[in-house]
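Structural description and commentary
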Amino acid sequence: QVQLVESGGDLVQPGGSLRLSCAASGSIFSINTMAWYRQAPGNQRELIASLTSGSRPNYADSVKGRFTISRDNGKNTAYLQMNGLKPEDTAVYYCNAGVWVEALKYLEVWGQGTLVTVSS
């Protein structure tokens, strides 16, 4: 019913920047929360940034001050601007959204992931 498609992952040098996008499509009534997670090899998936309608963004300590989450509600799209990238930011980045598909039906949806590699 609802799909999330991430884009923007790439190979970047340390200190560089990338912007990830997450576009939601389908039978969307409204989107409550959009968030970004990441999973590095051998590690658990971790929440790094989230943005709920009407609230301020939240960030993991590891990315605070370097990453910025934003949303374009008209396009049902979330973004993650990543600056000052470090090798330890290398991971698959996943978009997650809490979506109302009808007035009383709420779904949690995941994207397929996009790979970010930070290396010289």
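Above this note sits the structure.
Quick look at the structure, then.

Definitions and cut-offs
Residues numbered from 1 in each chain as written. Predicted model: local features only at pLDDT ≥ 70, side-chain atom pairs only at ≥ 80, totals over all residues. Heavy atoms only, no water. Helix = DSSP H or I, 4+ residues; strand = E, 2+ residues; numbered from the N terminus. Rg over C-alpha atoms; globule rule 2.2 N^0.38 Å. Buried < 20%, exposed > 50% of the residue type's maximum accessible area, 1.4 Å probe, protein only. Areas by Shrake-Rupley, 256 points an atom, 1.4 Å probe, with all protein chains shown as cover. Lys, Arg positive; Asp, Glu negative; His and termini not counted. Charge placed at Lys NZ, Arg CZ, Asp CG, Glu CD. Disulfide = S-S within 2.5 Å. Core = buried A, V, L, I, M, F, W, Y, C linked by side-chain atoms within 4.5 Å. Contact = heavy atoms within 4.5 Å. Pairing = 2+ DSSP bridges. Axes fitted to C-alpha atoms, helices over the stretch in contact; angles between N-to-C directions. Patch = residues over 30% accessible without salt bridge, like charges linked within 9 Å, V, L, I, M, F, W, Y side chains within 5 Å. Salt bridge = Lys/Arg side-chain N within 4 Å of Asp/Glu carboxyl O.

Turning our eyes to something else, we now look at the overall build of the protein chain. A tally of regular secondary structure across the protein chain gives 0 helices and 11 strands. Of the regular secondary structure in the protein chain, the N- to C-terminal order runs β-β-β-β-β-β-β-β-β-β-β. Taking 2.2 N^0.38 as the reference for a compact globule, 120 residues should give roughly 14 Å; the C-alpha atoms of the protein chain span a radius of gyration of 14 Å, in line with that estimate. The principal-axis extents of the C-alpha atoms in the protein chain amount to approximately 50 × 25 × 25 Å. Of all 120 residues assigned to the protein chain, the portion counted as buried reaches 42%. Surface summary for the protein chain: the accessible area is close to 6400 Å², and the carbon and sulfur share equals 47%. Between the centroid of the 10 positive side chains of the protein chain and the centroid of its 9 negative side chains there is a distance of 5 Å.

The next subject is the state of the cysteines. Scanning the entire structure with this criterion turns up 1 disulfide. Between the sulfur atoms of Cys22 and its disulfide partner Cys95 the distance amounts to 2.0 Å. Across the S-S bond of Cys22 and Cys95 the torsion is about -80°, and the bridge reads as left-handed. With Cys22 in strand β3 (residues 18-26) and Cys95 in strand β9 (residues 91-102), the pair connects residues that are 73 residues apart, well separated along the chain. The class for Cys22 is buried, based on a relative accessible area of 0%.

Turning our eyes to something else, we now look at the environment of Arg45. Within the secondary structure layout, Arg45 lies in the loop between β4 (30-39) and β5 (46-52). Here the alpha-carbon distance between Arg45 and Arg56, two residues 11 residues apart in the chain, equals 22 Å.

Right, let's talk about the nonpolar core for a bit. Of all hydrophobic cores here, the largest spans 30 residues; its most connected members are Trp36, Phe67, Leu80, Met82 and Tyr93. Elements represented by at least two residues in this core include exactly β1 (2-7), β3, β4, β5, β7 (67-72), β8 (77-82), β9 and β11 (114-118). Setting aside residues up to four positions removed in sequence, Met82 forms contacts with Gly16, Ser17, Leu18, Leu20, Arg66, Phe67, Tyr93 and Val116.

Let us look at the sheet that holds β7. As summarised here, the arrangement of the 4 strands in space is β1-β3-β8-β7, forming an open sheet in which the pairing is antiparallel. Among the strands making up the open sheet, the edge pair consists of β1 and β7. For this sheet the average axis-to-axis angle between neighbouring strands, irrespective of direction, equals 15°. As paired elements, β7 and β8 share 6 bridges and run antiparallel to each other. Bridge pairing in β8 places Ile69 opposite Leu80.

Below, the discussion takes up a nonpolar patch on the surface. Together, Phe29, Trp100 and Tyr106 make up a nonpolar patch on the protein surface, roughly 330 Å² of accessible area in all. What makes Trp100 partly exposed here is its relative accessible area of 31%.

Here the focus is the pattern of salt bridges. In the structure shown here, the tally under the stated rule is 4 salt bridges. A salt bridge links Arg38 to Glu46; the nearest nitrogen and oxygen atoms lie 2.8 Å apart. For Glu46, a relative accessible area of 32% gives the class partly exposed. For Lys64, the salt bridge goes to Asp61, with nearest N and O atoms at 3.2 Å.

By themselves, these are just geometric observations and shouldn't be taken as functional.
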